[in-house]
Amino acid sequence: MVMIAFAALLAAQSGQAAAAPAPPPAASDPVAGDWREIPGDELLVMTLADGRTVVIRLAARFAPEHVANIRALARAGWWDGESVYRVQENWVAQWGDPTEKKPLPPGIVPSPVPEFEIAAFEPAQRLARPDAYSAASGITADGWPIATDGRAAWLTHCYGSVGVARDALPNTGSGAELFTPIGQSARRLDRNYTVVGRIVEGMQHLSSLRRSDAAMGMYATAGERTPIVSVALASDLPDTDRPRFEVRTADNPRFAAYLAQRANPEAPTVAVGVNVCDLPPQVRRRP
């Protein structure tokens, strides 16, 4: 009996004892079929100085004219050698040509029709409560945050959303100058600026940049700006360098359970609901 007990002890110490069974999946855990690959021409890869990269998922079906411009700008290398030239505390980081005088490549529509609103409010999952900016909000089947006032619908300016910078007139944004909210969400920009995408990887490289104390967060000198090495569509990169991402679909009971979990956390956390911009992008690198 002593030898048997000693052998069992050795087995346990050497990792040979039977492992505890894995816990069963939660109702909110996605299954393999819940993930859908994002097309390569809907991924914009921005490489900053020191090799840091920011990957943007383009909202091609919601802002087709602006996204067409952005694709053409990337293929022309228009952003290569430009910079992140504006970083305003608790507001936005903005990139492109700081002079805003660089000629656009041939074929770019300089003043596309504003795409502030989308065709319809069709969420796969609708949030339970309205918010200060909308009568209702939710997540589309392919993972975009949307909202409505009961008449129009739109993509929301959440942390990491990518919008088209413009002058005072609504149709002055071509897509050459882009920005992303780096503090809280910027919902007061909803339906005033065109949302063309959302950052799905590398957001920390923009949100951690030094803030400018100059007016509107514009850097006062060229040396303060963060250089952009290149901007390219993932589909145009060599196969070995091409990032591949998947988005979690929302049209299933597992995503509904995830939303319920976020809106009603377990005690002792007090449940106060969930805002559409409280939900991080459900995107991952393809395994």
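Residues numbered from 1 in each chain as written. Predicted model: local features only at pLDDT ≥ 70, side-chain atom pairs only at ≥ 80, totals over all residues. Heavy atoms only, no water.

**Q** Could you clarify how one ought to interpret the packing of aromatic side chains in this entry?
**A** Counted under the stated rule, the structure contains four aromatic pairs. Ring centres 5.8 Å apart and planes at 90° place the aromatic pair phenylalanine 179 and tyrosine 193 in the edge-to-face group. Highlighted residues: phenylalanine 179 in strand 11 (residues 178-181) and tyrosine 193 in the loop between strand 11 and strand 12 (195-201), separated in sequence by 14 residues. Given a relative accessible area of 4%, phenylalanine 179 falls into the buried group. Judged by relative accessible area, tyrosine 193 falls into the partly exposed class, the value being 21%. Stacked on the ring of tyrosine 193, the Lys or Arg arginine 166 has its end atom at 4.3 Å from the ring centre. Its end group placed over the ring of tyrosine 258, arginine 248 keeps NZ or CZ at 5.4 Å from the ring centre. (Phe/Tyr/Trp six-rings, centres within 6.5 Å; stacked < 30°, edge-to-face > 60°. Helix = DSSP H or I, 4+ residues; strand = E, 2+ residues; numbered from the N terminus. Buried < 20%, exposed > 50% of the residue type's maximum accessible area, 1.4 Å probe, protein only. Lys NZ or Arg CZ within 6 Å of the ring centre and 35° of its normal.)

**Q** Whenever I open this one, the pairing of strand 3 (residues 53-58) confuses me. Can you help?
**A** Counting buried residues in strand 3 gives five out of six residues, a clear majority hidden from the surface. In this antiparallel pair of consecutive strands, strand 2 (residues 43-48) and strand 3, the connection spans four residues, and aspartate 50 shows a positive phi of 70°. Inspection of the sheet shows strand 3 paired to strand 12 by four bridges, in the antiparallel sense. Bridging from a neighbouring strand, isoleucine 56 pairs with isoleucine 199 of strand 12. (Pairing = 2+ DSSP bridges.)

**Q** Any chance you could explain the nonpolar core here in plain terms?
**A** It is characteristic of soluble globular proteins that their nonpolar side chains tend to be buried jointly. Membership of the largest hydrophobic core comes to 33 residues, with the highest contact counts inside it found for Trp79, Trp95 and Leu206. Contributing elements (two or more residues each) for this core: strand 2, strand 3, helix 2 (64-75), strand 4 (83-87), strand 5 (92-96), strand 10 (161-164), strand 12 and strand 13 (226-233). Examining the composition of this core, we find that four residues originate from one element, helix 2, more than from any other. Residues contacting tryptophan 79, with those up to four places away along its chain left out, are Ile70, Leu73, Ala74, Trp95, Gly96, Gly175, Ala176, Leu178, Ile228 and Val231. With twelve residues, the next largest nonpolar core counts Phe255, Tyr258, Leu259 and Val274 among its residues. (Core = buried A, V, L, I, M, F, W, Y, C linked by side-chain atoms within 4.5 Å. Contact = heavy atoms within 4.5 Å.)

**Q** I tried to follow unusual backbone geometry on my own but got confused; where do I start?
**A** Trans peptide bonds make up most of the peptide bonds, and negative phi angles are found at most residues other than glycine. With omega at 15°, the peptide bond leading from alanine 267 into proline 268 counts as cis. Following the sequence through the fold, proline 268 ends up in the loop between helix 4 (253-263) and strand 15 (283-285). Phi at arginine 191 is positive, roughly 65°, even though this residue is not glycine. Along the polypeptide, arginine 191 turns up in the loop between strand 11 and strand 12.

**Q** Looking at this structure, I do not really get helix 2. What am I missing?
**A** Given 3.6 residues to a turn, an α-helix orients residues that are three or four positions apart in the same direction. Helix length check: helix 2, at twelve residues, gives a terminal C-alpha distance of 16 Å against a target of 16 Å (1.5 Å per residue), a fit within 8%. Where helix 2 is concerned, the buried positions are His66, Val67, Asn69, Ile70, Arg71, Leu73 and Ala74. Packed against the buried residues of helix 2 are strand 2, strand 3, strand 10, strand 11, strand 12 and strand 13. Glycine 77, located one to two residues past helix 2, shows a positive phi value of around 70°. (Expected span 1.5 Å × (residues − 1).)

**Q** Looking at this structure, I do not really get the sheet that holds strand 15. What am I missing?
**A** Across a sheet, strands are paired by hydrogen bonds formed along the backbone, either parallel or antiparallel in direction. Strand order in this open sheet of three strands is 1-14-15, and the pairing throughout is antiparallel. Every other strand in the sheet has two partners, leaving strand 1 (35-37) and strand 15 as the edge strands with one partner each. Neighbouring strand axes in the sheet, compared pairwise and without regard to direction, differ in orientation by 35° on average. By the bridge criterion, three bridges tie strand 14 (residues 245-248) to strand 15 in an arrangement that is antiparallel. Looking at the pairing, valine 247 lines up with valine 283 of strand 15. (Axes fitted to C-alpha atoms, helices over the stretch in contact; angles between N-to-C directions.)

**Q** Teacher, can you tell me more about the state of the cysteines here?
**A** Where two cysteines share a covalent bond between their sulfur atoms, that bond is called a disulfide. Applying the stated criterion to the full structure yields one disulfide. The disulfide partner of cysteine 158 is cysteine 277, and the gap between their sulfur atoms is 2.0 Å. Taking the sign of the torsion about the S-S bond as the criterion, the disulfide between cysteine 158 and cysteine 277, at about -80°, is left-handed. Here cysteine 277 lies in the loop between helix 4 and strand 15 and cysteine 158 lies in the loop between strand 9 (153-155) and strand 10, a separation of 119 residues in the sequence. Looking at cysteine 158, the relative accessible area reads 0%, which means it is buried. (Disulfide = S-S within 2.5 Å.)

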